Structures are given as structure tokens and as C-alpha cells.
Amino acid sequence: MACLLETPIRMSVLSEVTASSRHYVDRLFDPDPQKVLQGVIDMKNAVIGNNKQKANLIVLGAVPRLLYLLQQETSSTELKTECAVVLGSLAMGTENNVKSLLDCHIIPALLQGLLSPDLKFIEACLRCLRTIFTSPVTPEELLYTDATVIPHLMALLSRSRYTQEYICQIFSHCCKGPDHQTILFNHGAVQNIAHLLTSLSYKVRMQALKCFSVLAFENPQVSMTLVNVLVDGELLPQIFVKMLQRDKPIEMQLTSAKCLTYMCRAGAIRTDDNCIVLKTLPCLVRMCSKERLLEERVEGAETLAYLIEPDVELQRIASITDHLIAMLADYFKYPSSVSAITDIKRLDHDLKHAHELRQAAFKLYASLGANDEDIRKKIIDTENMMDRIVTGLSESSVKVRLAAVRCLHSLSRSVQQLRTSFQDHAVWKPLMKVLQNAPDEILVVASSMLCNLLLEFSPSKEVSIDFSLPECCLVAFTLKSTHPAITNMAFQAEQKIKADILRSLSTEQLFRLLSDSDLNVLMKTLGLLRNLLSTRPHIDKIMSTHGKQIMQAVTLILEGEHNIEVKEQTLCILANIADGTTAKELIMTNDDILQKIKYYMGHSHVKLQLAAMFCISNLIWNEEEGSQERQDKLRDMGIVDILHKLSQSPDSNLCDK
């Protein structure tokens, strides 16, 4: 039965299945083996560069027959090899072709073919497997289903330069995470591939290099091993540095730079090592030049952004290398109306992928400006920079929007820019639009950015509150990292703003967060509540409407199995309530809460003792009405006796209070 294309076959396609196409398939069933072989060879010649012919042959059922012939013991090695070549050619067509081949279970058949003693057949099977595994529609997990496959591929590496090239290419495309890295590493990938870096074949060297880049990415174990590997008396990092030289092909320079970058980020190479500062970083900056192809500029900028992201000194060095900050401005002008590109196909490609340049530029600007105030100023002073970021926030590409938000977040760490450029361009408006129906990855960064805009010293705080409160609160419950933004919003805010926060969040949602199992969420929610319960009139107003629920939440937390920091924050909330004029009565009339305060005054941890004493101090303040009655009640409970004992404490903080 024929393996059909996944998409329904239209009548127009069926009508194009010519008699000659059917003739090719019919010849595969000839009883004469020589005629079958010639038929396969003719089919091979017919499908080269002809996607229509490939689709026709798949529709007519050529694939199952070719796979049958490839696996038959009675088939000659030459016939099997030619079948593998034709299947590889079919795989080079459309993605639908690859899907059809996968549906016919081509991978197990080809992997079985690798057990053959014939090298030419093995190479043909590997070439076909390489084509299939490098297709985006092929699940890489298919390479790891059978545990015997990886060790067998390692053994085949020594057979020829073609087996080396194809196997390394398969590994580099199918290594997609730590699990795959571990499997390849445990089967000796480093030792088996290292010597290929000195191969006479450029293709073999390149594929081996790509293997090391994917193996080392965010993998300390592999990276630490690579640093100490010797090849012909040279350490691998030294070989990578040689491959960075300007006389080497750009692809090799870039991939070598990626290997060294990943090893550095994994902690195997110091950030101040000469191979990073004097070789890798300058190479990546060169890749950002407008003389390079679009994809080279994108890869160079993104790799450089990753390299310098955590290191202040590398950020400073990069910022003054080859006018990088100004060079990146060209990423937003490409392709220009006066572009020197004369190749129409190249121009069409670049027009379709120009957004990748903008994404890469935003990423690199974000890394450059992560720590240094002077660098941030240089970035913002770059021509139309703020306008470009604002435009980037509304681009159709999610990746560009995410990169623009990250860039904005990095620049928002500057107090000076919050008060000037950010205010002048009203960045909070497009930022709030980004928050609406955005993917989680954008919400994470955008909400962090919102925290900075809502800091007390930011002029954006007041205008942002009026514009963004409902949206901000909505995000807070779809994404927990937004809590700091609301906490900043509540800090020293007016009563109206606090009321708006409580109304928008709703007390039910707020108290649901107070019972969240995530410690970070609980602490941020307590911080928000503490900011809301500040300033005496605000405390009284909020407690008059939400007092019962707040006291219940406080009781549950103090009774629960929480750490010192959580209970300290909760006692500080009680101290704020005790500072209210009328709100303090909610404590004085709640014997359970008073007993808990008394308990924590005698706790072994000083932080909790101090927080509990703040509560008592606010309750018994002499200058307030009813202070005598409150003092009498607390004396009857034995709290005054505890205060006398604490006054004799060797801890100066407790003694003073």
C-alpha cells in the first residue's frame, strides 16, 4: 500500500501523475533483478532537482517498494545502495516528502542498513539519514529510540570521511538538550570526534566543530572535559582559537567562537582569559559588521550577547570595540533602499528575515547595558534608539517583541533614564499593550520592566498607575512575577491607588496568594499587603473594609509551618495594623492574636522578638487615646513582665526596644 502525503491529494495533482512516472514505479516490480536495478538508476536520474517528479513517485507508492528492496537479503548491494540514494533524493524535496518517508518507517530501515559490511551502502544510508534528521519535521528522539544506535554510529566514525561528515551532522542536529548531550557524552562523543578537527576534509572539520558547539552549550560537564582534551599535542581551546583567525571561512570562525563562548559560560574558561578577551569577543564583533551576510550578523550578535551577558568587564570591552554600539544601529536599516544587494534571491531572503536582525540587535543592546550606566547612556543616545524600541514592542514577531522588552528592561535599570528618556517617550503605553494577550515569556520580562517603571523615584509611576492598573492586576494572577510591580505601585501610594489595587485584585485572589505554596509568591504578597497597610488613615480605612479577612490570613500564617522571614513579615504587618487609630482594636479584641504576639516575644529568634515588640510598642503608645486600657490588658496577660525580662537581654537591639 502506498504511503500517501499527509495533506489531501488534490485532483490537479493526481492529473499530473504522468505515464512516465508510473512507468518508473512499475519497473521496480520487474522479476529481472538487472531491470529493477536499471529502473532504480533511471528513477534516481529523473528525480534530481525535480520536486514534482518526487511527489508523483511518492503518490504512486515508490517508497514502500524501495524500502522493501533495500531490506531484502536477496537484493544486491548495488541495488540496495541505489535505493538508499533515491530515498535520500526524495527526502531532499518538500517537508511533506519527508513526512511521507517517516510514515513509511524509513528510519528503522536505514539504521538496519548501517549493519551492512559494505561501506558504499553504509554511506548512502547515512547520507539519507542525514537529510531526514536535518529536516525540521523529523523528531530528533527517533535517533535515541534504540539504545544500540549511538554506539554503532560512534564505531562507524572511523570508516571514511563521509561517515564522519554525515554522523557528526546527524549528532549536531539531534542534540537538543541535556539528556541528548549526556547520551552522546557517555558514549564517547568527545574522544571520538576530537581528532576530526584536524581532518583534511573541511566538511568533516566543520561538522565536528558544530558537534562540539551543541555538546558544550550550557553543559559544564562537557565543557570542563573539552578544556583538557589534547589533539596532536594541542589543547582543544587552542585549536578553536586557530579556527577563529581571519583567514578561515566565516562559518568556521563563527562556530569556533560559539564553542569558546559556551565553554566560557559553562565555567570552563575564565572570562578574563586571553582566548575570550582578545580572540572570541573581537571575532564576534567582526561578525556584526554590515559587510557580513544577514545570518552571520544575526548569529554573531546573538552569540556575543550570550557571551557578555553576566560579565561587566566583557560588556565594557565590547562596547568600545569597533564602534559596536553604533554598528548595531545599522541592523535597523537593513536592507536599505540603496542596498548593494544585486542577487534577487538574496534580497528576497533578507527582506523576509530582516526582523531577525532587529531581534539580535535588541538582545545585544540588552546585554551591553545590563550593568554600566555609561553604556546605557551611549545606547539610548544612539540615533532614534527609543523610537526603535517602542516600535519593536508592537512588531508582529513575538521574538522581536520579547527582545525589545528585554532591551527596555536592561535600560530601565538606570535611574537617570527613567527620569528622562523613558518619560519623554512614554514607554509605559506600548509596554502595557505588550502585556495584553502576550505569551508567558514576554510577560515575565515585561512585568519586571513594569517594576522599574513603578519605582518611587520614577516619574512614570503616577501616569502608569492611572493607565495600567486593571491590566497590571490581571497579569499578576496570570503570572506571579508581576507582584513586585504592584508592590512598587502600592509603596507610599495615595489611598485611592491602594483602594484601586484591592478592588482590581479582589480580596479573594489576594488571600489565595497568601496560602500559595511558593515561598517567593508568599513573600511578595506579604510585601504588597505591608505596603498597602501603611499611613495611619489608610490602615484604618483598609481594615474597616477588609479587617476580618486580613486578620484570618495573619492568624493562619503565624500558625503555619513557615520560615523566619515569612513570620517576621507577618508580624510587621500586625505592627502596621497596631499603628492605626481604630485598626488596633482588631488586635486588642482578638485574644488569639495577642497570645501569638506574646509567644513570639519569647521566641529564640531575635528577628521575631523584635517584630513582636514593634506590635506591642504601637499598641501601648502613651500619647494615644485608650492607651491606659490597652496597657492594663497587656499587663494582665503577662506581656509587661516579658518586656522587663527583655530589657535585661544581652542583645542591645532587644534591650533598647
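Here we summarise the structure given alongside this text. (Residues numbered from 1 in each chain as written. Predicted model: local features only at pLDDT ≥ 70, side-chain atom pairs only at ≥ 80, totals over all residues. Heavy atoms only, no water.)

**A word on the overall build of the chain**
Of regular secondary structure, the chain possesses 42 helices and 2 strands. Within the chain, buried positions represent 54% of all 657 residues. Taking as baseline every contact in the chain between residues at least 6 positions apart, the subset at least 24 positions apart corresponds to 68%. Approximately 30,000 Å² of the chain is accessible, and the part contributed by carbon and sulfur atoms is 52%. (Helix = DSSP H or I, 4+ residues; strand = E, 2+ residues; numbered from the N terminus. Buried < 20%, exposed > 50% of the residue type's maximum accessible area, 1.4 Å probe, protein only. Contact = heavy atoms within 4.5 Å. Areas by Shrake-Rupley, 256 points an atom, 1.4 Å probe, with all protein chains shown as cover.)

**Let's talk about helix H3 (residues 33-47)**
Residues that lie three or four places apart on an α-helix share one face, since the helix turns once every 3.6 residues. Spanning 15 residues, H3 covers 21 Å between terminal C-alpha atoms, matching the ideal 21 Å at 1.5 Å per step. Of all the residues in H3, the buried ones are Val36, Leu37, Gly39, Val40, Ile41, Met43, Lys44, Ala46 and Val47. Measuring from the backbone nitrogen of Gln34 back to the side-chain oxygen at the start of H3 gives 3.0 Å, which picks out Asp32 as the cap. Gly49 sits one or two positions beyond H3 and adopts a positive phi of about 70°. (Expected span 1.5 Å × (residues − 1). Polar contact = N/O pair within 3.5 Å; in protein donor to acceptor, adjacent residues only side chain to side chain.)

**Focus on the state of the cysteines**
By definition, a disulfide links two cysteine residues through a covalent bond between their sulfur atoms. Counted under the stated rule, the structure contains 0 disulfides. Sulfur of Cys128: no disulfide; nearest cysteine sulfur belongs to Cys125 and is 7.5 Å away. Overall, Cys128 belongs to the buried group, its relative accessible area being 1%. (Disulfide = S-S within 2.5 Å.)

**Looking at the side chain of Gln609**
Tracing the chain through its elements places Gln609 in helix H39 (residues 606-619). We classify Gln609 as buried; its relative accessible area is 8%. Polar contacts involving the side chain of Gln609 include one to the main-chain carbonyl oxygen of Met601, which spans 3.0 Å. A distance of 3.4 Å separates a polar side-chain atom of Gln609 from the backbone oxygen of His603.

**Description of the side chain of Gln169**
With respect to the element layout, Gln169 can be found in helix H11 (residues 161-174). Within polar-contact distance, the side chain of Gln169 engages the side chain of Arg130 at 3.1 Å.

**What about the nonpolar core?**
With 153 residues, the main nonpolar core has Phe212 and Leu368 as its most contacted residues. Not counting the four nearest positions on each side in its chain, Leu368 is found in contact with Ile308, Gln315, Ala318, Ser319, Leu324, Ile325, Leu328, Ile375 and Ile379. Judged by nonpolar contacts, the second largest core, of 46 residues, contains Leu529, Val566, Ala583 and Leu646. (Core = buried A, V, L, I, M, F, W, Y, C linked by side-chain atoms within 4.5 Å.)

**Here's the deal with the environment of Lys258**
Tracing the backbone shows Lys258 in helix H17 (residues 250-265). For Lys258, a relative accessible area of 17% gives the class buried. For Lys258 and Leu304, which are 46 residues apart along the polypeptide, the C-alpha to C-alpha distance reads 8.8 Å. In this structure, Lys258 is in contact with Ser213, Glu299 and Thr303, ignoring residues within four places of it in sequence.

**Digging into the pattern of salt bridges**
Under the counting rule described, the total for this entry stands at 25 salt bridges. Among the ionic pairs, Arg130 bridges to Glu165, the shortest N-O distance being 4.0 Å. Separated by 35 residues along the polypeptide, Arg130 in helix H9 (residues 119-133) and Glu165 in helix H11 bring together distant segments of the chain. Overall, Arg130 belongs to the buried group, its relative accessible area being 14%. The class of Glu165 is buried, set by a relative accessible area of 8%. Across the pair Lys248 and Asp247 runs a salt bridge, and its minimum N-O distance is 3.7 Å. In this structure Lys248 comes out as partly exposed when scored by relative accessible area, which is 27%. Look at Asp247 and you get exposed, because its relative accessible area is 62%. Look at the salt bridges and you will find they share partners, linking Glu313, Arg316 and Asp372 into a network. (Salt bridge = Lys/Arg side-chain N within 4 Å of Asp/Glu carboxyl O.)

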